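Single-letter residue listing:
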Number of protein chains: 2
Amino acid sequence: MTNPPPDATAHTATPTPDAPAAPDAPATAPACGEGTAAAADAEVRAELERLRESIDNIDAAVVHMLAERFKCTQQVGRLKARHALPAADPAREARQIERLRGLAESARLDPAFAEKLLTFIIAEVIRHHETIARS
Amino acid sequence: MTNPPPDATAHTATPTPDAPAAPDAPATAPACGEGTAAAADAEVRAELERLRESIDNIDAAVVHMLAERFKCTQQVGRLKARHALPAADPAREARQIERLRGLAESARLDPAFAEKLLTFIIAEVIRHHETIARS
């Protein structure tokens, strides 16, 4: 990917209110300052944990979506094998890629990433189709 | 992937009731036979179209899921950059891969495919994190 999403660096361009105390703060800093730094660390860990839980939930959803997708493509593979249709269908793939790039753009996902991902998945599907056709 | 899903070849192991008329059927075949072949072709096309619509719906869902996932990982990237944490976290990635392999197995998705896919996505995320850290 050559172009990161437009908001990839947005947050780092502005100072953040919850930045931790500077690590080189003098040892004579008041106790409440140390408490604030510890609280900020705990806050960072909690925020990281919260985000990772969301990522894990999304990954579980994606795995189940893809399991369902492969059930569909396996049926396609059997249909194609039974009727001696080719495993790959470049015209269909081009339409899929164009459509997904559009969907990605509207969802603010990098279209190049969406295309690479679909290409990756389709390559796996074609391997399945070829396996079915050979069997 | 070395092991296709267990049901990848299941359907081809049994004769299918809706196989089309053999293409080398004699020209003297009754008209109703030709009608049956044409109907079978239409049925195949309709079935293929139905499956492809489901695949397109699933792909749209996956794109939107991944857009949401990148919103989360961008927040993680900013947190890491702000607190000078490394972009990659091999221990976390190992746990993610192990968990997703388990989820894939229970959903009858090839665990090796799920692992390759997650590795592909994580590589993209780490590139984002490094871009954020450099900016």
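These numbers were taken from a predicted model, which means no experiment stands behind them.

A. Geometry of the overall build of chain A. The secondary structure content of chain A amounts to three helices and zero strands. Looking at chain A as a whole, 38% of its 135 residues are labelled buried. Of the contacts made within chain A by residues no fewer than 6 positions apart, 63% connect residues no fewer than 24 positions apart. Surface exposure of chain A reaches about 7,300 Å², of which carbon and sulfur atoms provide 58%.

B. Highlighting the packing of helix α2 (residues 90-106) of chain A against helix α3 (residues 111-134) of chain A. Residue and element names in this part refer to chain A. Viewed as axis vectors pointing N to C, α2 and α3 meet at an angle of 145°, and their least axial separation amounts to 8 Å. With respect to the hand of their crossing, α2 and α3 are arranged in right-handed fashion. Facing α2, whose interface residues are Glu-93, Gln-96, Ile-97, Leu-100, Arg-101, Ala-104 and Glu-105, α3 presents Pro-111, Ala-112, Ala-114, Glu-115, Leu-118, Thr-119, Ile-122 and Ile-126. For the contact of α2 with α3, the residue count by class is nine nonpolar, two polar and four charged.

C. Inspection of the pattern of salt bridges at higher detail. Overall, the coordinates contain 16 salt bridges over all chains when judged by the stated rule. Between Arg-69 of chain B and Asp-59 of chain A there is a salt bridge; the shortest N-O distance is 2.6 Å. You can see Arg-69 of chain B sitting in helix α1 (residues 31-82) and its partner Asp-59 of chain A sitting in helix α1 (residues 31-82), one on each of two chains. Taking the relative accessible area as the measure of exposure, Arg-69 of chain B reaches 2% and is therefore buried. Through salt bridges with shared partners, a single ionic network connects Lys-116 of chain A together with Glu-124 and Arg-127 of chain B.

D. Structural view of the interface of chain B and chain A. Contact residues are listed per partner, giving 66 residues for chain B and 66 residues for chain A. Taking both partners together, chain B and chain A bury about 6,600 Å²; carbon and sulfur atoms supply 70% of that area. When the area that chain B buries against chain A is broken down by residue, the three leading residues are Arg-52, Arg-82 and Phe-120 of chain B, summing to 9%. Applying the counting criterion to the chain B and chain A interface returns eight salt bridges.

E. Region of the structure containing the relation of the copies chain B and chain A. Each copy of the sequence occupies a distinct position, and chain B is placed on chain A by a rotation of 180° and an axial shift of 0.0 Å, giving an RMSD of 0.0 Å. This pairing of chains is accounted for by a two-fold axis. For chain B, the minimum C-alpha distance to the rotation axis belongs to Val-62 of chain B and amounts to 3.0 Å. The share of interface residues of chain B whose copies in chain A are also at the interface is 100%, consistent with both copies meeting through the same surface.

F. Main features of the packing of aromatic side chains. The final tally for this structure, using the stated rule, is five aromatic pairs over all chains. Seen from their ring centres, Phe-120 of chain A and Phe-113 of chain B are 6.0 Å apart, and the 20° between their planes marks the pair as stacked. Separated into two different chains, Phe-120 of chain A in helix α3 and Phe-113 of chain B in helix α3 (residues 111-134) make up a pair that spans both. Judged by centre distance (5.1 Å) and plane angle (10°), the rings of Phe-120 of chain A and Phe-120 of chain B are stacked. Here Phe-120 of chain B lies in helix α3 and Phe-120 of chain A lies in helix α3, a pairing that spans two chains. Assessed through its relative accessible area of 22%, Phe-120 of chain A is described here as partly exposed. An aromatic cluster is defined as three or more aromatic residues linked by ring pairs; in this entry it consists of Phe-70, Phe-113 and Phe-120 of chain A together with Phe-70, Phe-113 and Phe-120 of chain B.

G. View of the side chain of Arg-52 of chain A. Within the fold, Arg-52 of chain A resides in helix α1. A relative accessible area of 13% places Arg-52 of chain A in the buried class.

H. View of the nonpolar core. Ranked by size, the top nonpolar core spans 54 residues in total, and within it Leu-66, Leu-109 and Leu-117 of chain A together with Leu-66, Leu-109 and Leu-117 of chain B carry the most contacts. Taken together, the elements giving at least two residues each to this core come down to α1, α2 and α3 of chain A together with α1, α2 (90-106) and α3 of chain B.

I. Main features of unusual backbone geometry. Positive phi, close to 60°, is recorded for Arg-108 of chain A, a residue that is not glycine. Secondary-structure assignment places Arg-108 of chain A in the loop between α2 and α3.

Calculation notes
Residues numbered from 1 in each chain as written. Chains lettered and ligands numbered in written order. Predicted model: local features only at pLDDT ≥ 70, side-chain atom pairs only at ≥ 80, totals over all residues. Heavy atoms only, no water. Helix = DSSP H or I, 4+ residues; strand = E, 2+ residues; numbered from the N terminus. Buried < 20%, exposed > 50% of the residue type's maximum accessible area, 1.4 Å probe, protein only. Contact = heavy atoms within 4.5 Å. Areas by Shrake-Rupley, 256 points an atom, 1.4 Å probe, with all protein chains shown as cover. Axes fitted to C-alpha atoms, helices over the stretch in contact; angles between N-to-C directions. Left-handed = near helix turned anticlockwise from the far one by under 90°. Nonpolar A, V, L, I, M, F, W, Y, C, P; charged D, E, K, R; others polar. Salt bridge = Lys/Arg side-chain N within 4 Å of Asp/Glu carboxyl O. Buried area = accessible area lost by both parts, 1.4 Å probe. Least-squares fit on C-alpha atoms with pLDDT ≥ 70 in both. Phe/Tyr/Trp six-rings, centres within 6.5 Å; stacked < 30°, edge-to-face > 60°. Core = buried A, V, L, I, M, F, W, Y, C linked by side-chain atoms within 4.5 Å.

Everything listed here is a matter of coordinates, which is why it stays silent on function.
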